[in-house]
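The primary structure of each chain is shown beneath.
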Amino acid sequence: MPKIAPSVLAADFAHLADDLAEARRAGVDMLHLDIMDGHFVPNISFGPNVVGTINKLTELFLDVHLMLSEPEKYFEAFVKAGADAITFHLEVHAEPGTYAEQIRELGVRPGISINPDMDVENVLPHLKHFDYLLLMSVFPGFGGQQFITSVLPKISRARDYVDSNKLDTVIMVDGGVDANNAAEVISAGADILVMGTAFFRSRDKIGLVEKVKKLGTPREAS
Ligand code: DX5
Ligand code: ZN
């Protein structure tokens, strides 16, 4: 069954406790927390203190997406704040396996991400070190952007690689995912959909989660 990870970036921070409680009631699987440094991406979001606050407000698994030029400096701070998974970008570290080990030693799950313009072949040899592959379907930095459809074949290629190499790496897709494109993202091979704007702006969050979960993954069908 596909999973949904709402991106808290799109929540109403004036009513964060309510928004997180609503996400939980809607049956989401985890929360996706977007950390931006104003250097790797042209925007600044929030840091470990806010992650710590979110951790106090919810029992949900916290998937922390580091859009940072020097992510390794902050692994420990985000783990202490309550992260359950930490993803960083291949763009900032060409040999990411050592960072994956550091993240595991801190007791959480490592993930690796690539931007829409990076060849998916570059990340595949590293997947054996990672629990998550986060394929960006927008250029990171802002919520509410349009899904880049040329990422669909990359999802399929990653799915084939993970399956044929019998890896456990979970494939997540992040950016511009909504109720309209969820079916094609899932049938391309995604396990988890990150949804920011589409989730928090939805007036029927329970219905949205139900609809996505009914779609089923290709592997379940086969
Ligand atoms: C982009 C972030 C995404 C984004 C998702 O920089 O990594 O997680 O906030 O939000 P939507 O679903 O609005 O594109
Ligand atoms: Zn993200």
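All values reported here derive from a predicted model rather than from experimental measurement.

Let us look at helix H5 (residues 152-164). Between the first and last C-alpha of H5 there are 18 Å, a value that for 13 residues agrees with the 18 Å anticipated at 1.5 Å per step. All buried positions along H5 are accounted for by Leu-152, Lys-154, Ile-155, Ala-158, Arg-159, Tyr-161 and Val-162. Looking one or two residues past H5, Lys-166 carries a phi angle of roughly 50°, positive in sign.

Before going further, it helps to spend a moment on the site of ligand 1. Asp-34, Gly-141, Gly-144, Asp-174 and Thr-197 are the nearest of the 20 residues found near ligand 1. For ligand 1, an oxygen atom lies 2.7 Å from a polar atom in the side chain of Asp-34. Between Gly-141 and ligand 1, the recorded distance is 2.7 Å, taken from a backbone N or O atom to an oxygen atom. The pocket occupied by ligand 1, as judged from atoms lying within 2 Å of grid points, is the largest pocket. Of all the secondary-structure elements, those providing two or more residues to the shell around ligand 1 are strand E2 (30-36), strand E3 (61-67) and strand E8 (192-195).

This next bit is on the layout of surface pockets. One simple way to see leftover space: roll a probe sized like a water molecule over the atoms. As a volume, the largest pocket reaches approximately 340 Å³. Along the walls of the largest pocket sit 25 residues, with Gly-143, Gly-144, Gly-175, Gly-176 and Thr-197 positioned nearest its centre. Sorting the residues of the lining of the largest pocket by element identifies E2, E3, E8 and helix H7 (197-200) as the ones contributing at least two each. For the lining of the largest pocket, the residue count by class is 12 nonpolar, 10 polar and 3 charged.

This part is about the side chain of Lys-154. Inspection of the secondary structure puts Lys-154 in helix H5. The buried charged residue Lys-154 lacks any salt bridge, with Asp-117 as its nearest oppositely charged partner at 6.5 Å. There is a polar contact of 3.3 Å between the side chain of Lys-154 and the backbone oxygen of Asn-115. Setting aside chain neighbours within four positions, we find Lys-154 in contact with Ile-114, Asn-115, Pro-116, Asp-117, Met-118, Val-120 and Leu-135.

Each protein donor to the zinc ion (ligand 2) is listed here as His-32 (NE2), Asp-34 (OD), His-65 (ND1) and Asp-174 (OD); together their distances run 2.0 to 2.3 Å. Considering all 6 donor atoms around the zinc ion (ligand 2), angles at the metal cover 70 to 169° and the coordination shape is octahedral. For the zinc ion (ligand 2), the single-chain donor residues occur in sequence as H-x1-D-x30-H-x108-D. Of this pair, Asp-34 sits in strand E2 while His-65 sits in strand E3; the two residues are 31 residues apart in sequence, bridging distant segments of the chain. Residue Asp-34 shares its accessibility class with His-65, and that shared class is buried.

About the cut-offs
Residues numbered from 1 in each chain as written. Chains lettered and ligands numbered in written order. Predicted model: local features only at pLDDT ≥ 70, side-chain atom pairs only at ≥ 80, totals over all residues. Heavy atoms only, no water. Helix = DSSP H or I, 4+ residues; strand = E, 2+ residues; numbered from the N terminus. Expected span 1.5 Å × (residues − 1). Buried < 20%, exposed > 50% of the residue type's maximum accessible area, 1.4 Å probe, protein only. Near = heavy atom within 4 Å. Polar contact = N/O pair within 3.5 Å; in protein donor to acceptor, adjacent residues only side chain to side chain. 1 Å grid on protein atoms, 1.4 Å probe; cavity = no way out; pocket = protein on both sides within 12 Å on 5 of 7 lines; lining within 4 Å. Sits in = over half its atoms within 2 Å of the grid points. Points joined across faces, edges and corners; volume = space filled by probe spheres on them. Nonpolar A, V, L, I, M, F, W, Y, C, P; charged D, E, K, R; others polar. Lys, Arg positive; Asp, Glu negative; His and termini not counted. Salt bridge = Lys/Arg side-chain N within 4 Å of Asp/Glu carboxyl O. Contact = heavy atoms within 4.5 Å. Donors = N, O, S within 2.8 Å, 3.2 Å for Na, K, Ca; no water. Tetrahedral: all angles 85-135°; square planar, octahedral: opposite > 155°, others 65-115°.

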